[in-house]
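# Architecture and fold: a report
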Amino acid sequence: MKVIGSFVSPYVRKVLACMHLKGLSYEIDPITPFFGNDEFRRLSPLSRIPVLIDGDFCTSDSSVICAYLDDAFPDPPLLPADPKDRARARWLEEFADTRLGDLFIWSLFYQRVVRPLVWGEPGDEQRIAKTLNEDAPAALDYLEGELPESGWLFRDFGLADIAIASFFRNAAYAGFEPDADRWPRVAAFVQRALAHDAFASTLPFEDIQRSVDIKGRRQALLDAGAPLTAKTLGTPVPRKGMMRL
Ligand SMILES: N[C@@H](CCC(=O)N[C@@H](CS)C(=O)NCC(=O)O)C(=O)O
């Protein structure tokens, strides 16, 4: 199978962690969505990452991809067995993808990292301040009531744990860590989950992706053992996406 999308994207990281849990190997074309060529835009109708290609089958969206992986490769399952637990796990995945995505990706990581780096423009300081002072604390208050004191959300480490924890790595890249005095469960859960091998195994590739400039990046990733595709859909010049901005 092939995955298109940067190791640094929380949605790509979520898919890779699920593949790791299932013992599925993959090749990856770790492009940033704004650096995708026309073929990328054909494969990903919303110009977003991740994209999964399995033979002649191709789909986008991390939730759709994880559901496909769970259907096609059921063992071990990504969701708990009980119907109500399954619904709760899916809800928490949705909360992470939509709300944590809005806060940690679009309001922090995009403003503090992507805008200066990709577009050469400053981030929206008002949006950053509102996120740090009001919106992120409200989301963490909610998660503090949902997350377990120890272990995982359901019996085994699974999709809901992965979906939530993944966003906190980008929050940290944008300078935000949960305060352990105010949100002890959130802080401990995030630390525990991100230390899991499903996340730890791709961290060296994230470090390269974040530190090596685009010209030397593919070679540095190959040198570190990243399972890159032979061909990339990357372009040297960024183009705006179609969903926001
Ligand atoms: N709902 C999608 C969201 C994916 C997403 O927003 N990915 C970001 C990268 S972290 C992206 O491709 N953004 C480009 C854009 O929206 O233009 C999923 O779960 O895969």
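Residues numbered from 1 in each chain as written. Predicted model: local features only at pLDDT ≥ 70, side-chain atom pairs only at ≥ 80, totals over all residues. Heavy atoms only, no water.

### A word on the site of the ligand
Lining the immediate surroundings of the ligand are 14 residues, of which Y11, R48, I49, D61 and S62 lie closest. At 2.8 Å, a side-chain N or O of R48 approaches an oxygen atom of the ligand. I49 has a polar backbone atom sitting 2.9 Å from a nitrogen atom of the ligand. Computed on the free molecule, the ligand has an accessible area of 510 Å², of which 89% lies beneath the protein chains in the complex. (Near = heavy atom within 4 Å. Polar contact = N/O pair within 3.5 Å; in protein donor to acceptor, adjacent residues only side chain to side chain. Areas by Shrake-Rupley, 256 points an atom, 1.4 Å probe, with all protein chains shown as cover.)

### Overview of the state of the cysteines
On inspection of all chains with the given rule, the structure shows 0 disulfides. Considering cysteine sulfurs only, C66 is the nearest to C18, which forms no disulfide, with 3.7 Å between them. Judged by relative accessible area, C18 falls into the buried class, the value being 0%. Accessibility expressed as a relative area gives 1% for C66, which makes it buried. (Disulfide = S-S within 2.5 Å. Buried < 20%, exposed > 50% of the residue type's maximum accessible area, 1.4 Å probe, protein only.)

### Observations regarding helix α9 (residues 203-211)
Of all the positions in α9, only F205, E206, I208 and Q209 are classed as buried. Here the buried residues of α9 occupy an arc of 160° about the axis, which is enough to place them on one side. Residues of α9 that are buried in the fold lie against α1 (10-22), α6 (159-173) and α10 (214-223). (Helix = DSSP H or I, 4+ residues; strand = E, 2+ residues; numbered from the N terminus. Arc of directions from axis to C-beta. Contact = heavy atoms within 4.5 Å.)

### Points about the pattern of salt bridges
Tallying each qualifying case throughout the model produces 14 salt bridges. Among the ionic pairs, E93 bridges to K14, the shortest N-O distance being 2.8 Å. One end of the pair, E93, is in helix α4 (residues 83-119); the other, K14, is in helix α1, with 79 residues separating them in the sequence. Classification of K14 as buried rests on a relative accessible area of 0%. K22 serves as the salt-bridge partner of D70, at 2.7 Å between the closest nitrogen and oxygen. Of this pair, D70 sits in helix α3 (residues 62-72) while K22 sits in helix α1; the two residues are 48 residues apart in sequence, bridging distant segments of the chain. Judged by its relative accessible area of 15%, D70 falls in the buried class. (Salt bridge = Lys/Arg side-chain N within 4 Å of Asp/Glu carboxyl O.)

### Some thoughts on the packing of aromatic side chains
In this structure the tally under the stated criterion is 13 aromatic pairs. When the ring of F157 is compared with that of F199, the centres are 6.4 Å apart and the planes differ by 85°; the resulting orientation is edge-to-face. Of this pair, F157 sits in the loop between α5 (125-146) and α6 while F199 sits in helix α8 (residues 197-200), placing them 42 residues apart in sequence. Residue F157 shares its accessibility class with F199, and that shared class is buried. Counting every residue linked through ring pairs, the aromatic cluster contains F34, W106, Y110 and W119. The aromatic ring of W152 is capped on one face by R192, whose charged end is 5.8 Å from the ring centroid. Cation over ring: R210 sits above Y173, and NZ or CZ is 3.6 Å from the ring centre. (Phe/Tyr/Trp six-rings, centres within 6.5 Å; stacked < 30°, edge-to-face > 60°. Lys NZ or Arg CZ within 6 Å of the ring centre and 35° of its normal.)

### Thoughts on the side chain of R217
Structurally, R217 can be placed in helix α10. No salt bridge forms around the buried R217; measuring N to O, its nearest opposite-charge neighbour D213 is 6.7 Å away. If near-sequence neighbours (up to four positions away) are discounted, R217 is found in contact with I208, Q209 and V212. (Lys, Arg positive; Asp, Glu negative; His and termini not counted.)

### What to know about the side chain of S166
Along the chain, the position of S166 falls in helix α6. Looking at S166, its side chain comes within polar contact range of the main-chain oxygen of P10, at 2.8 Å. In this structure S166 touches P10, R13, K14 and F199, once residues within four positions along its chain are discounted.

### Quick look at the pairing of strand β3 (residues 51-54)
Pairing geometry for strand β1 (residues 2-4) and β3, over 3 bridges, is antiparallel. Along β3, the bridge assignment pairs I4 with V51. Summarising the sheet, β3 and strand β4 (residues 57-60) pair through 4 bridges and their orientation is antiparallel. The partner of L52 across the bridge, within β4, is T59. (Pairing = 2+ DSSP bridges.)

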